[in-house]
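Descriptive analysis of the structure
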Amino acid sequence: MTRFLKTFRGRGNQLQERMGCLVQTGLDCNVVSSFIKQVPMVPNQTKNALEKKIDCMTNFLGYSVNSLEEFPAYLCYDFERVKLRFRMYIRLREKDVHPEGPAMWESLRNASASSQG
């Protein structure tokens, strides 16, 4: 817990809001507490960012919220990077093997960059 307190950026009410957000998704309080022990940077994510990442994981990627128990660090990754990687994964899975993988990755990255700017 000491390690967490050194890394947490924010006020107490923000921590409560962020942890409440994770519990509202259906995760047990004990599971959320273990997230903090495993990955102390999780509570530094804004409530909006947490909701967005969990929504992507469950609706776009098809994973259950309980998958976070296995890999809570997912919540610390940049959202755009996660989307790009899973788009490539889905594409490769659909095609079995994609010989133009690096070119496709670059294409997806450029498309994402142009949609942001």
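In this report, the structure presented in the accompanying data block is examined.

Calculation criteria
- In every chain, residue numbers begin from 1 and rise along the written sequence.
- A pLDDT threshold of at least 70 governs which residues receive local features in this predicted model, and a stricter bar of 80 or more applies before side-chain atom pairs are shown or counted, although totals over entire chains, interfaces and linings include all residues.
- Hydrogen atoms and water are omitted, and side-chain values are computed over all heavy atoms in the structure.
- Each salt bridge in this description consists of a side-chain nitrogen of Lys or Arg and a carboxyl oxygen of Asp or Glu lying within 4 Å of one another.
- Helix and strand labels come from DSSP, where a helix needs a run of H or I of at least four residues and a strand needs a run of E of at least two; each type is numbered from the N terminus.
- Definition of a polar contact: a pair of N or O atoms within 3.5 Å, with one able to donate and the other able to accept a hydrogen when the atoms are protein atoms, and with sequence-neighbouring residues admitted only if both atoms are side-chain atoms.

Points about the pattern of salt bridges
The tally for this structure, following the rule as stated, stands at two salt bridges. For E51, the salt bridge is made with K47, and the minimal N-O distance between the two is 3.9 Å. Placement of the pair is E51 and K47 together in helix α4 (residues 47-60), with a separation of four residues, close to one helical turn. As a salt-bridge pair, K83 and E80 come within 3.5 Å of each other at their nearest N and O atoms. Of this pair, K83 and E80 both sit in helix α5 (residues 79-95), three residues apart, roughly one helical turn.

Looking at the environment of D78
Topologically, D78 is positioned in the loop between α4 and α5. Sequence separation of D78 and K53 is 25 residues, and the distance between their C-alpha atoms is 9.0 Å. A polar side-chain atom of D78 sits 3.2 Å from the main-chain amide nitrogen of R81.

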